[in-house]
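# Overview (structure and organization)
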Amino acid sequence: MAMNEAQISTVPRRVTVLGSTGSVGCSTVDLLLRDQDSFTVEALTAGSNVALLLKQALALRPAFVALADPAGRDELEAGLAGTGIQFAVGPQAVIEAAERPADWVMAAIVGAAGLSPTLAAIRRGAIVAIANKECLVCAGDLVMAETQRSGATLLPVDSEHSAIYQVFDFDRRDGIERITLTASGGPFREADLMRMRQVTPAEAVAHPNWDMGAKISVDSATMMNKGLELIEAHYLFALPESRIDVLVHPQSVIHSMVSYIDGSVLAQLGTPDMRTPIAYALGWPRRIATPAARLDLAALSRLTFEQPDPQRFPALRLARAALQSGGGAPTILNAANEVAVQHFLDRRIGFLDIADIVEETLSDIDGGRMTSLAEILELDRRSRERASNLVERCVAR
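Right, let's walk through the structure included here.

Definitions and limits used
Residues numbered from 1 in each chain as written. Predicted model: local features only at pLDDT ≥ 70, side-chain atom pairs only at ≥ 80, totals over all residues. Heavy atoms only, no water. Pairing = 2+ DSSP bridges. Helix = DSSP H or I, 4+ residues; strand = E, 2+ residues; numbered from the N terminus. Axes fitted to C-alpha atoms, helices over the stretch in contact; angles between N-to-C directions. Buried < 20%, exposed > 50% of the residue type's maximum accessible area, 1.4 Å probe, protein only. Contact = heavy atoms within 4.5 Å. Right-handed = clockwise from strand over helix to strand, strands pointing away.

### Notes on the sheet that holds strand E10 (residues 254–260)
Hydrogen bonds along the backbone pair up the strands of a sheet, which may run parallel or antiparallel. Read from one edge to the other, the open sheet built from 4 strands follows the order E9-E8-E10-E11, with strand pairing classed as mixed. Because the sheet does not close on itself, it has two edges, and the strands there are strand E9 (244–248) and strand E11 (265–269). With strand direction ignored, the average angle separating the axes of adjacent strands in the sheet is 20°. Sheet topology note: the strand E8 (residues 176–183)/E10 ladder contains 5 bridges and is antiparallel.

### Focus on helix H7 (residues 159–167)
With 8 of 9 residues buried, H7 is to be regarded as a mostly interior element. Where H7 is concerned, the buried positions are Ser-159, Glu-160, His-161, Ser-162, Ala-163, Ile-164, Tyr-165 and Val-167. Looking at the buried positions of H7, the neighbouring elements they touch are strand E7 (153–156), E8, helix H11 (224–237), E10, E11 and helix H12 (275–283).

### So, the pairing of strand E2 (residues 39–46)
The element E2 is extensively covered by neighbouring structure, given that 7 of its 8 residues are classed as buried. Relative to E2, strand E1 (residues 13–18) is paired through 5 bridges, and the arrangement is parallel. When the bridges of E2 are listed, Val-17 appears paired with Leu-44. Chirality of the crossover, the property in question, places the unit of E1, helix H1 (residues 23–34) and E2 among those that are right-handed. When E2 meets strand E3 (residues 64–67), the two strands line up parallel, connected through 4 bridges. Following the sheet pairing, Ala-46 is matched in E3 by Leu-67. Handedness of the crossover joining E2 and E3 through helix H2 (residues 50–60): right-handed.

Everything listed here is a matter of coordinates, which is why it stays silent on function.
See below:
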């Protein structure tokens, strides 16, 4: 995934934000509002949060806004009256937003719902800042093939993958030994299994370091987030699973590391603020200013590391197994996890049931080889259906 200098646009850079009302989307909007001379906004999209989408649209004045939920059409139309901003509703409208002529696209729609719009941006050769790890988890082979074909550039936005990207020597890959993804360990890093059985959704979304959406926060608490990131890293950096390590680092200061064959280890450090990796992608290949707090290592005084516990956090094992199996296994993993997490947030299943449902879904569904978006979406549907059935069985117990 080498840098493509020909794709660097001159200021102002024209940008689209897919998923502008989510956590990463809001941080991106914050940066855009701080430097409106350097950026013009082509499109903003949201799932169902009409009020926040309207607020962002009135502040940034995009050419187009899209709302995935058709039920919000009347409210959106009334809020945009007289602005001259074009709009559309429904899933196809979000894809239309991705196809519009922006130089740079933030792909921040959470879950498998972001796959089609992200592919649409990739297929027209845009610079795509990829915050939706599920795209690569569900359809990594397809996404990378389309990136190669179109000449698009993928810039990782997850803090871990951004950190690796910044210190990964793409021109001399033979010197790279392995990469290490760091993990905070989440809010239950020191909890025993008895305590974890009693975890509530409110406790699971209270991340100790990062301000994230509910689904991602639960994934961090189960460490499935790190499992998904492991699969994503495999595709972004073309490394086998055996050369990707995960290390728990509770302070979230070292965001990830690259080890070289001479014994050198290069790391990117910073305070835990998503605006830093977003800004790296937004300004790439230049760097732009952010309001993130500056790192004070003397004040921190120490940084600690530990191996993740496979008994209390089986999600990492499941993700590694899915990557080793290949084919549609990562798609199944992601779909089952999305279903299980939502039912946990709805208080229908327990915290430890999430990994159990994912593991059983992986065992029950045959992924096979995925060669098209249609096949991937069908496998995703079947996996969700099976996971939902397992949830009902769990609830009935």
